[in-house]
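Analysis of the macromolecular model
What follows is the residue order along each chain.
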Amino acid sequence: MLKREKLRLEKGQGSRFEQGNASFLKKLKASWQDYRYEFDVRIVQPGLSRAAVTDEGLHLLASVETYLLETRAMRLTVIASR
């Protein structure tokens, strides 16, 4: 991001920062280890109902959940209409 911002400014184009600036990003980059991040995955499927999910669909979701937990330590949440 910093490299692209520098190139834009050198070409006389405007900054792409909507909030903050390059110096704030540099400070954030220098102290990123001080922050703890947690990510999760949410699947939103309004047309899905618990009663209509097939075994094949449940196996797929279970496989995705296992993969996310084992490889990225991320939780999976499925949001359905019913």
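In this report, the structure presented in the accompanying data block is examined. Model, not experiment: these values are computed from the prediction. (Residues numbered from 1 in each chain as written. Predicted model: local features only at pLDDT ≥ 70, side-chain atom pairs only at ≥ 80, totals over all residues. Heavy atoms only, no water.)

Right, let's get into the side chain of Glu5. Residue placement: Glu5 occurs in helix α1 (residues 2–10). An unpaired buried charge is present at Glu5: no salt bridge exists, and Arg8, the closest side chain of opposite charge, is 5.0 Å distant. (Helix = DSSP H or I, 4+ residues; strand = E, 2+ residues; numbered from the N terminus. Buried < 20%, exposed > 50% of the residue type's maximum accessible area, 1.4 Å probe, protein only. Lys, Arg positive; Asp, Glu negative; His and termini not counted. Salt bridge = Lys/Arg side-chain N within 4 Å of Asp/Glu carboxyl O.)

Since one α-helical turn is 3.6 residues long, residues separated by three or four positions face the same way. Taking 1.5 Å per residue as the helical rise, helix α3 (residues 55–72) with its 18 residues ought to reach 26 Å, and the 25 Å between its terminal C-alpha atoms agrees with that figure. Residue Ala73 follows α3 closely and has a positive phi angle near 55°. (Expected span 1.5 Å × (residues − 1).)

Here we take up the pairing of strand β2 (residues 75–80). Of the strand pairs in this sheet, strand β1 (residues 40–45) and β2 are connected by 6 bridges, and their pairing is parallel. Bridge pairing in β2 links Asp40 to Arg75. (Pairing = 2+ DSSP bridges.)

Let us now look at the side chain of Ser49. Position of Ser49 relative to the elements: it lies in the loop between β1 and α3. What Ser49 contacts, discounting residues up to four positions off in sequence, is Ser81 and Arg82. (Contact = heavy atoms within 4.5 Å.)

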